[in-house]
Amino acid sequence: MTYAPSSSDQQLLTALALSNEAAFDALFARHYAGLLRYATSLLPYPTDAAEDVTADVFCTLWTGRTQLVVQGSVAAYLYTAVRHRCFDRLRQQRRTAQEIAVADKLPQHQPEATHLRPDEQLAYQELHEHLHRLIGQLPARTHQVFQLHRDAGLTYEEIADLLSISLNSVKTHMFRALRFLKEALHVSGVR
């Protein structure tokens, strides 16, 4: 069965949920080129990364077709999925580049004196656990912004785009998180 160009995306999505390959082909033909252009604008180099991201979104669409629930525009859903995958790819590339840079700076053999003593290792571990508990106490949105910046390595602008909030909101959440952590660590006697 083929679908007329006038078929709505929602009609195609409904047919896709029933494993209709023609509906998938129609969605692919309708949206692939635009999604690829969008991915290329977010991932200008290498160009095959944009193709991989776009293809991956369609693979996920097919494999998750029976559980997929799209409220609103199917096109908006697909563009958002591509944006998220592009940001994931950028984070992965940034992490890989940072890991290579750190590995290049490490000496081949570290002398024994540079290792922490057991009591220092214990103190470090306790501080790390305490800090992790404090981060868990942050309000949900503040925690999310903090994790995206510190753990995922996203810039404030990327976080604002990803969460659909203003840049000033991201800055405010980061300021509040850092102030809370500083005050909590100071109260607990950590300097």
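Here we summarise the structure given alongside this text. Owing to the predicted nature of the structure, the values given are computational and were not obtained by experimental measurement.

How each quantity is defined
Residues numbered from 1 in each chain as written. Predicted model: local features only at pLDDT ≥ 70, side-chain atom pairs only at ≥ 80, totals over all residues. Heavy atoms only, no water. Helix = DSSP H or I, 4+ residues; strand = E, 2+ residues; numbered from the N terminus. Contact = heavy atoms within 4.5 Å. Axes fitted to C-alpha atoms, helices over the stretch in contact; angles between N-to-C directions. Parallel < 35°, antiparallel > 145°, perpendicular 65-115°, else oblique. Left-handed = near helix turned anticlockwise from the far one by under 90°. Nonpolar A, V, L, I, M, F, W, Y, C, P; charged D, E, K, R; others polar. Salt bridge = Lys/Arg side-chain N within 4 Å of Asp/Glu carboxyl O. Buried < 20%, exposed > 50% of the residue type's maximum accessible area, 1.4 Å probe, protein only. Phe/Tyr/Trp six-rings, centres within 6.5 Å; stacked < 30°, edge-to-face > 60°. Lys NZ or Arg CZ within 6 Å of the ring centre and 35° of its normal.

**Section: the environment of Arg94**
Its place among the elements puts Arg94 in helix 4 (residues 74–105). Along the sequence, Arg94 and Ala152 sit 58 residues apart, while their C-alpha atoms lie 9.5 Å from each other. Apart from residues no more than four positions distant in its own chain, Arg94 is found in contact with Gly153, Leu154 and Glu158.

**Comments concerning the packing of helix 1 (residues 9–17) against helix 2 (residues 21–42)**
Axis separation between helix 1 and helix 2 bottoms out at 8 Å; the angle between their running directions is 140°. Considering their axes alone, helix 1 and helix 2 lie oblique with respect to each other. The hand of the helix 1/helix 2 crossing is left-handed. Contacts between helix 1 and helix 2 involve Asp9, Leu12, Leu13, Ala15 and Leu16 on the former and, on the latter, Ala23, Phe24, Ala26, Leu27, Arg30 and His31. Here the residues of the contact of helix 1 with helix 2 are counted per class, giving eight nonpolar, one polar and two charged.

**Thoughts on the pattern of salt bridges**
A full pass over the atoms with the stated rule returns three salt bridges. With a closest N to O distance of 2.3 Å, Asp56 and Arg85 form a salt bridge. Of this pair, Asp56 sits in helix 3 (residues 47–63) while Arg85 sits in helix 4, placing them 29 residues apart in sequence. Residue Asp56 is classed as partly exposed on the basis of its relative accessible area, which comes to 34%. The class for Arg85 is partly exposed, based on a relative accessible area of 24%. With its nearest N and O atoms 2.1 Å apart, the salt bridge here joins Asp88 to Arg91. Placement of the pair is Asp88 and Arg91 together in helix 4, with a separation of three residues, close to one helical turn. We classify Asp88 as partly exposed; its relative accessible area is 38%.

**Some details on the packing of aromatic side chains**
If you walk through the whole model with that rule in mind, you get seven aromatic pairs. Taking the centre distance of 6.3 Å and the plane angle of 45° together, the rings of Tyr32 and Phe58 count as tilted. In this pair, Tyr32 sits in helix 2 while Phe58 sits in helix 3, placing the two residues 26 residues apart along the sequence. Using a relative accessible area of 23% as the deciding quantity, one classes Tyr32 as partly exposed. Among the aromatic residues, those joined into a ring-pair cluster are Phe24, Phe28, Tyr32, Phe58 and Trp62. The ring of Trp62 has Arg65 sitting right over it, with the charged end atom 3.9 Å from the ring centre.

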